[in-house]
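The primary structure of each chain is shown beneath.
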Amino acid sequence: MKIAVYPGSFDPVTYGHLDIIKRAARIFDKLYVCVMVNSNKDPVFSREERLDFIRRITKDIPNVEVETSDELLVRYAKRKDAVTIVKGLRAVSDFDAEFQMALANRSIDKTIDTVFLASSEKYTYLSSTIVREMARFHTDLSEFVPEEIIGDIMKKYETGGK
Ligand code: ADP
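Residues numbered from 1 in each chain as written. Predicted model: local features only at pLDDT ≥ 70, side-chain atom pairs only at ≥ 80, totals over all residues. Heavy atoms only, no water.

Asks: Would you mind going over the overall build of the protein chain with me for this structure?
Replies: Scanning the protein chain for helices and strands turns up 6 helices and 5 strands. In the protein chain, the succession of α and β elements from N to C terminus is β-α-β-α-β-α-β-α-β-α-α. The principal-axis extent of the C-alpha atoms belonging to the protein chain is close to 45 × 35 × 30 Å. Within the protein chain, buried positions represent 49% of all 162 residues. (Helix = DSSP H or I, 4+ residues; strand = E, 2+ residues; numbered from the N terminus. Buried < 20%, exposed > 50% of the residue type's maximum accessible area, 1.4 Å probe, protein only.)

Put into structure tokens, the structure is as follows:
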């Protein structure tokens, strides 16, 4: 059984992330989507909210499980018996940091490889930052995130989100 991990901050999850999740779920037998703590980012949505959003939009994909971890990514992957870390690549601008991280992770554990899925062209411009910015200005989010979580994203900004 080929197991993979798709890590991220998902603050909040977007159609771009969902596209990578669906495609990775077709490649691997089991995909763990893991909400990780990024010490450089101060998230707008709580960890529970981010988990709940991803769970809601992936509930019909049977081989996807959504979790969270404070561990080092490769240690989490090892614990889940994963052989692969999945990352999405939007543009050359993603490449430097992602390449560096892939090399660092490989130097820690050579049994776990990183694979990059090229983003679909219609989501290349899409990021959680753009979604948060749109939400802050009460713009229609239906092109960026699934319908079932839009209400909860907007609610955050009505009650003073960043
Ligand atoms: P962001 O970079 O938007 O803050 P995350 O840290 O949650 O998002 O990203 C998790 C993973 O998803 C990363 O590998 C990132 O490159 C990828 N990703 C994010 N947005 C997209 C998108 N629109 N298309 C493809 N991959 C994406």
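Asks: Mind showing me how you'd approach the pairing of strand β4 (residues 84-89) here?
Replies: Within a regular strand, side chains alternate between the sheet's two faces. With 5 of its 6 residues buried, β4 lies for the most part within the structure. As judged from the 2 bridges shared by strand β1 (residues 3-8) and β4, these two strands associate in the parallel manner. For Val5, the partnering residue across the bridge sits in β4 and is Ile85. After leaving β4, the chain enters helix α4 (residues 92-108) and then returns to the sheet as strand β5 (residues 113-118), a path that is right-handed. (Pairing = 2+ DSSP bridges. Right-handed = clockwise from strand over helix to strand, strands pointing away.)

Asks: What am I meant to see in the site of the ligand here?
Replies: Near the ligand you find 19 residues, and of these Tyr6, Phe10, Gly88, Tyr123 and Leu126 are the closest. Take His17: an N or O atom from its side chain is 3.2 Å from an oxygen atom of the ligand. The side chain of Arg90 places a nitrogen or oxygen atom 2.9 Å from an oxygen atom of the ligand. Computed on the free molecule, the ligand has an accessible area of 540 Å², of which 91% lies beneath the protein chains in the complex. Looking at the shell around the ligand, the elements that each hand over two or more residues are β1, α1 (15-27), β4 and α4. When its residues are assigned to classes, the shell around the ligand shows 6 nonpolar, 8 polar and 5 charged. (Near = heavy atom within 4 Å. Polar contact = N/O pair within 3.5 Å; in protein donor to acceptor, adjacent residues only side chain to side chain. Areas by Shrake-Rupley, 256 points an atom, 1.4 Å probe, with all protein chains shown as cover. Nonpolar A, V, L, I, M, F, W, Y, C, P; charged D, E, K, R; others polar.)

Asks: Looking at this model, I keep getting lost on helix α6 (residues 147-158). Mind explaining?
Replies: One full turn of an α-helix is made of 3.6 residues, so residues set three or four places apart face in the same direction. Across its 12 residues, α6 extends 18 Å between first and last C-alpha, which sits within 8% of the 16 Å expected from 1.5 Å per residue. Within the sequence span of α6, burial applies to Ile149, Ile150, Ile153, Met154 and Tyr157. Across the axial projection of α6, the buried residues extend over an arc of 140°, all falling on one side. Summarising the contacts, the buried residues of α6 are in contact with α2 (47-58) and α5 (128-136). (Expected span 1.5 Å × (residues − 1). Arc of directions from axis to C-beta. Contact = heavy atoms within 4.5 Å.)

Asks: Is there a simple way to explain the nonpolar core in this structure?
Replies: Note on soluble globular proteins: their nonpolar side chains tend to be buried together. Membership of the largest hydrophobic core comes to 36 residues, with the highest contact counts inside it found for Leu31, Val33, Val86, Leu141 and Ile153. Listed by contribution, the elements that provide at least two residues to this core are β1, α1, β2 (30-36), α2, β3 (64-69), α5 and α6. Each residue touching Ile153, except ones within four places of it in the same chain, is listed here: Pro12, Phe45, Phe53, Ala135, Leu141 and Val145. The next biggest cluster of nonpolar side chains, apart from the first, holds 12 residues, and it includes Tyr32, Cys34, Met36 and Ala82. (Core = buried A, V, L, I, M, F, W, Y, C linked by side-chain atoms within 4.5 Å.)

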